[in-house]
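Structural overview
Residue strings, one per chain:
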There are 2 protein chains.
Amino acid sequence: MTLSLPDLTKNQSLVFETLSQAEAPLSAYTILDQLRSEGFRAPLQVYRALDKLLEHGLIHRLESLNAFVACRHSHKHQGTTVFVICGRCGDVDELTDQVVNDQLMQRAVERDFTVESAMVELRGCCGSCSQ
Amino acid sequence: MTLSLPDLTKNQSLVFETLSQAEAPLSAYTILDQLRSEGFRAPLQVYRALDKLLEHGLIHRLESLNAFVACRHSHKHQGTTVFVICGRCGDVDELTDQVVNDQLMQRAVERDFTVESAMVELRGCCGSCSQ
DNA sequence: AACAAACACGTAATGTCATAACATATCGAT
DNA sequence: ATCGATATGTTATGACATTACGTGTTTGTT
């Protein structure tokens, strides 16, 4: 399950593994607590690793939760990622949608706006939890 | 310019006026500082007012900035609001887009997900700033 | 008018998320 | 072997938000 990837440093690997094994988004401080046994002592150790993992596209930050998740899809298919977040179980699904992406970019162009990053997050209740 | 609205309390009015006159999103603590001369002493005075204003739909919270703006449009036209945020001048534009809204809701329904709230924020550079 | 419930307010303390600043160590290419 | 770039360790601090508790004010009912 552990793919070998753009060589990660020890700290980066530890943080990535922690996120990969989590079933819900984790805050940086939760990650820190889980890695204390591995020698982590300070938030910055986590944040630095998170920054690199974000750069590599291996994880995502959920703005509405101030938390992080491991990326699930190989995001070769560019474009805006829509995060679908269940508030009950914490499960996060990712999807890319051409229509949403194109329409957002179109609306931006219309008003002469250059998009540098886009955030789309749906919060609610997933199918499993609403039964 | 100051419409009379669902009766706001003194604190709520002060916070709303502050946001209305601002040219960019303000953090709760920035609002607090601006209202110290009016007797504000603690963050909670601001947050409580913000909560009520959010309930009334008079302001919005920008998740990607941890900041707040006064609402510009009369949001009678329901649906997901797209925030278009310039990182240079801080200007925030709001728009509602039926296509984006419908598509997001469609994708949610497909996977049996009940949307409770949706956040769409575009960050980048506005036309004025890129000239 | 008297009362109770609901709401708003004041204040202090604390919790949560994130970065600045500075020192040291490790890796890679010449 | 050395130099530059990158990664790391540690402390302190900044920025955002809530809990807990007590008081005051409004409002609707009897």
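Residues numbered from 1 in each chain as written. Chains lettered and ligands numbered in written order. Predicted model: local features only at pLDDT ≥ 70, side-chain atom pairs only at ≥ 80, totals over all residues. Heavy atoms only, no water.

**Topic: the overall build of chain A**
When helices and strands are tallied, chain A shows four helices and five strands. Helices (α) and strands (β) of chain A occur, in sequence order from the N terminus, as α-α-α-β-β-β-β-α-β. Considering only intrachain contacts with a sequence separation of at least 6, the fraction spanning at least 24 residues in chain A is 47%. Carbon together with sulfur atoms contributes 47% to the accessible area of chain A, which is approximately 7300 Å² in total. (Helix = DSSP H or I, 4+ residues; strand = E, 2+ residues; numbered from the N terminus. Contact = heavy atoms within 4.5 Å. Areas by Shrake-Rupley, 256 points an atom, 1.4 Å probe, with all protein chains shown as cover.)

**Focus on the pairing of strand S5 (residues 114-125) of chain A**
Bridge count for strand S3 (residues 81-86) of chain A against S5(A) is five bridges, and the pairing is parallel. In the sheet register, A:Phe83 faces S5(A), and the bridge partner there is A:Glu121. Relative to strand S5 (residues 114-125) of chain B, S5(A) runs antiparallel, the two being bridged by 11 bridges. By the bridge assignment, A:Arg123 is partnered in S5(B) with B:Ser117. (Pairing = 2+ DSSP bridges.)

**Quick word on the protein's contact with DNA strand D**
The environment of DNA strand D is formed by 15 residues, the closest being A:Thr9, A:Gln45, A:Arg48, B:Tyr29 and B:Arg61. A distance of 2.7 Å separates a phosphate oxygen of DNA strand D from a polar atom in the side chain of A:Thr9. Taking B:Arg61, its side chain carries an N or O atom lying 2.5 Å from a phosphate oxygen of DNA strand D. Mapped by element, the contributors of at least two residues to the surface near DNA strand D are helix H1 (10-21) and helix H3 (43-56) of chain A together with helix H3 (43-56) of chain B. Looking at which element gives the most residues to the surface near DNA strand D, the answer is H3(A), with four residues. When grouped by side-chain class, the residues that make up the surface near DNA strand D number five nonpolar, five polar and five charged. (Near = heavy atom within 4 Å. Polar contact = N/O pair within 3.5 Å; in protein donor to acceptor, adjacent residues only side chain to side chain. Nonpolar A, V, L, I, M, F, W, Y, C, P; charged D, E, K, R; others polar.)

**What about the sheet that holds S5(B)?**
Taken together, six strands build an open sheet; the order of strands is S4(A)-S3(A)-S5(A)-S5(B)-S3(B)-S4(B) and the sheet is mixed. In the strand order of this sheet, the two ends are held by strand S4 (92-96) of chain A together with strand S4 (92-96) of chain B, each with one partner. For this sheet, the mean inter-axis angle between neighbouring strands, taken without regard to orientation, is 20°. Of the strand pairs in this sheet, strand S3 (residues 81-86) of chain B and S4(B) are connected by five bridges, and their pairing is antiparallel. Across the sheet, residue B:Val84 finds its bridge partner in S4(B), namely B:Asp93. (Axes fitted to C-alpha atoms, helices over the stretch in contact; angles between N-to-C directions.)

**Re helix H1 (residues 10-21) of chain B**
Taking 1.5 Å of rise per residue, the 12 residues of H1(B) would be expected to cover 16 Å, and the 17 Å separating its terminal C-alpha atoms lies within 8% of that figure. Residues of H1(B) that are buried in the fold lie against helix H2 (28-34), H3, strand S1 (59-62) and strand S2 (67-70) of chain B. (Expected span 1.5 Å × (residues − 1).)

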